[in-house]
Structures are given as C-alpha cells and as structure tokens.
Amino acid sequence: MTSLRSFIVELATAGGQIARDLFIKRADHDVRHEVRVKADRDYVSHADGLVEDTIIRRIRAAHPSHQILGEESGTSGHSANQDALWIIDPIDGTTNFIHGIAQFAISIAFCDAQGPVIAVVYDPIADEMFLAERDQGLWLNDVPRRTSGCTSLRDALVANAMPFRSPAVHDDALTVFSAVQRACDDQRRAGAASLDLAYVAVGRLDAYYEIGIHPWDTAAGELLVRCGGGVATDYRGGTGELLRRRSIVAAANAGVHGELLAQVAPLVPWLARAPFAPV
Ligand code: IPD
Ligand code: CA
C-alpha cells in the first residue's frame, strides 16, 4: 500500500509537471490574455484549473471518503469527515506564473481535526520538494532541514506581502511595513506565500508575515515551519481556526516570532472587520 508520504509527493510531482510544462510553453507567447479575473486583482490561469483537477482526481480515486478544499474549486467530498481534509493550492504564485516569473509552487496539506498532518510545497522549476510530517520532521528533497539560527529581528531577512486585494488596509499595512523595515535587516516580497513559508522552514529566510492570505496559501507552509523548529501563528498569536486563516506570522524561533508579532499588532483590529471577517 502506498504511504501517505509517497502519495502526497506523487500528487505534487504530477501537478508540478503540468505547471512546469505550461510555464515553459508560456515563454513562447504572452498568456496574460488567457487569464480569467476571479475578483479584483485575483487571477486564475488555465494551468491552475488543470493542476487542481489532476490532484483532486487522484485523491478521489485513492481516498473517496476524504474531504477536499481547493483554491479554485472550493470544498468537495464528505463534509462529515473532519479527520481527513486535503487543502490544495494548485499554483501558489499565479501572478508570477502568468508574468513568466519562476517563483510559484504546488502546495498540498493533508489535515486531521488537529490541523496539518503531512504537507508538501513543490517548486517545479527548481525541482525542490519541501515535505513535513507532524512530529516527524522536515525535509528538502529528502535531506533533513531546520530553520535558521537567527535570534533577533534586527538580524532577520523577512518576507512579506501587501494586502494588495484590500486597498482600505494599505495605509495601516504600510505603517507596519515601515516599522518592520526599521527593525529588521531587510525585507523581500517574492509573490508566493507557500514558498515564503518553505524558505523560513529551511533557513533561507528568518521570518514572514502577511494579512489577507487564505488557508490554501499557508496550510502546508505552516507545517513546514513548525516541523523545521520555527513558530507559525496568525496575527493574534493563535494557531486555531485554520480554515478561517486570514493572517500569518512565521519565524525561525519563538524569539523572532514574538518580536514580529508585536510589530504587526496595529493590523489585528482588521481581522475582526471587513474585508477579513465576514460582515
Ligand atoms: C497569492 C500568493 C501571494 C500572496 C497572496 C496569495 P495565489 O496566492 O501566495 O504571494 O501575497 O496573498 O493569495 O493567488 O497566487 O495562489
Ligand atoms: Ca495561493
């Protein structure tokens, strides 16, 4: 019988192959006209749908009783099954993908009632498979990895993103961005939340924060960070409510996480109101 670990790797590899092939073909012509606008500043390419369908078809065939939450197709399967939920982002970094920027990933988490159990983030261009299993560890292409040894925000290289789909939040988000800029070593905005988290998990980055994300952006990456020895919470410092997650602060360790959590505090009130909480 195939183990869950090899199954999830197979899913990401199959999805990654489709995304990589379409990305390489894309180099010959501009695919921006093939893109559908889901909502303001929210795009979906032909590739997102194809990758998600492929992954879902394989899960359905192997585990017909499991529940699935996909970025493009929403929730499907047995809603009563709280102990077996797949959360899928078929192409995290769609905007990069459609612009021909090779920073995107397939993100898949398998969760039970306590949260993610096993997760992968796969970068098909770099051929990097980040895999974590709860209470077992973190691997990059089968080699065990850990978060960085950075111990203070002052020395930290920090990834972030603006809540670009929510203009009402921009002023407050810029205030936080500017305070973090003064407090840390430097900041990066690469455009794929799952890879930002994977990079924190393996020590390339020391921390990452973003408000406006969805569970499919971060479910897999959160587990990677924790299994690498880091800390990942929402802006309130909580780890519950994975399916309603709209913010994340992740760091190499509790010290850097605590410092960054204090920096994002001015944005916490937004979590209780539109656009981040249902009105
Ligand atoms: C987005 C990317 C981006 C982040 C957004 C996400 P998508 O996911 O991860 O880096 O800033 O919040 O929605 O739309 O490319 O799957
Ligand atoms: Ca995403």
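Presented here is an overview of the structure given in this document. What you are looking at is a predicted structure, and each value in this text was computed from that prediction instead of being measured.

Some remarks on the site of ligand 1
Then, number 1: Residues in close proximity to ligand 1 total 16 residues, the closest being Asp92, Gly93, Thr94, Ala193 and Glu210.
Then, number 2: With respect to ligand 1, the side chain of aspartate 92 contributes an N or O atom lying 2.6 Å from an oxygen atom.
Then, number 3: The element best represented in the shell around ligand 1 is strand β5 (residues 85-92), accounting for 3 residues.

Quick notes on the pairing of strand β11 (residues 157-161)
Then, number 1: The buried count for β11 comes to 4 of 5 residues, which makes it a mostly enclosed element.
Then, number 2: Where β11 lies against strand β12 (residues 186-188), 3 bridges are found, and the strand directions are parallel. Each bridged residue has a counterpart across the sheet, and for valine 158 the counterpart in β12 is glutamine 187.
Then, number 3: Crossover β11 to β12 through helix α4 (residues 170-183) is right-handed.

A short note on the sheet that holds strand β8 (residues 128-133)
Then, number 1: Strand order in the open sheet made by the 8 strands is β4-β3-β5-β6-β7-β8-β9-β10, with mixed pairing throughout. Each end of this open sheet is capped by a strand with a single partner; those strands are β4 (74-77) and β10 (143-144).
Then, number 2: In this structure, strand β6 (residues 105-112) lies alongside strand β7 (residues 115-123), joined through 7 bridges in antiparallel fashion. Note on β7: the bridge partner recorded for alanine 109 is alanine 119.
Then, number 3: Helix α5 (residues 193-201) rests against β5, β6, β7, β8 and β9 (137-140) of the sheet, and its axis sits at about 100° to β7.
Then, number 4: With respect to the sheet, helix α6 (residues 215-227) is in contact with β3 (67-70), β5, β6, β7, β8 and β9, its orientation differing from that of β7 by roughly 100°.

Parameters at a glance
Residues numbered from 1 in each chain as written. Chains lettered and ligands numbered in written order. Predicted model: local features only at pLDDT ≥ 70, side-chain atom pairs only at ≥ 80, totals over all residues. Heavy atoms only, no water. Near = heavy atom within 4 Å. Polar contact = N/O pair within 3.5 Å; in protein donor to acceptor, adjacent residues only side chain to side chain. Helix = DSSP H or I, 4+ residues; strand = E, 2+ residues; numbered from the N terminus. Buried < 20%, exposed > 50% of the residue type's maximum accessible area, 1.4 Å probe, protein only. Pairing = 2+ DSSP bridges. Right-handed = clockwise from strand over helix to strand, strands pointing away. Contact = heavy atoms within 4.5 Å. Axes fitted to C-alpha atoms, helices over the stretch in contact; angles between N-to-C directions.

It is worth stressing that arrangement in space is one thing and function is another; only the former is reported here.
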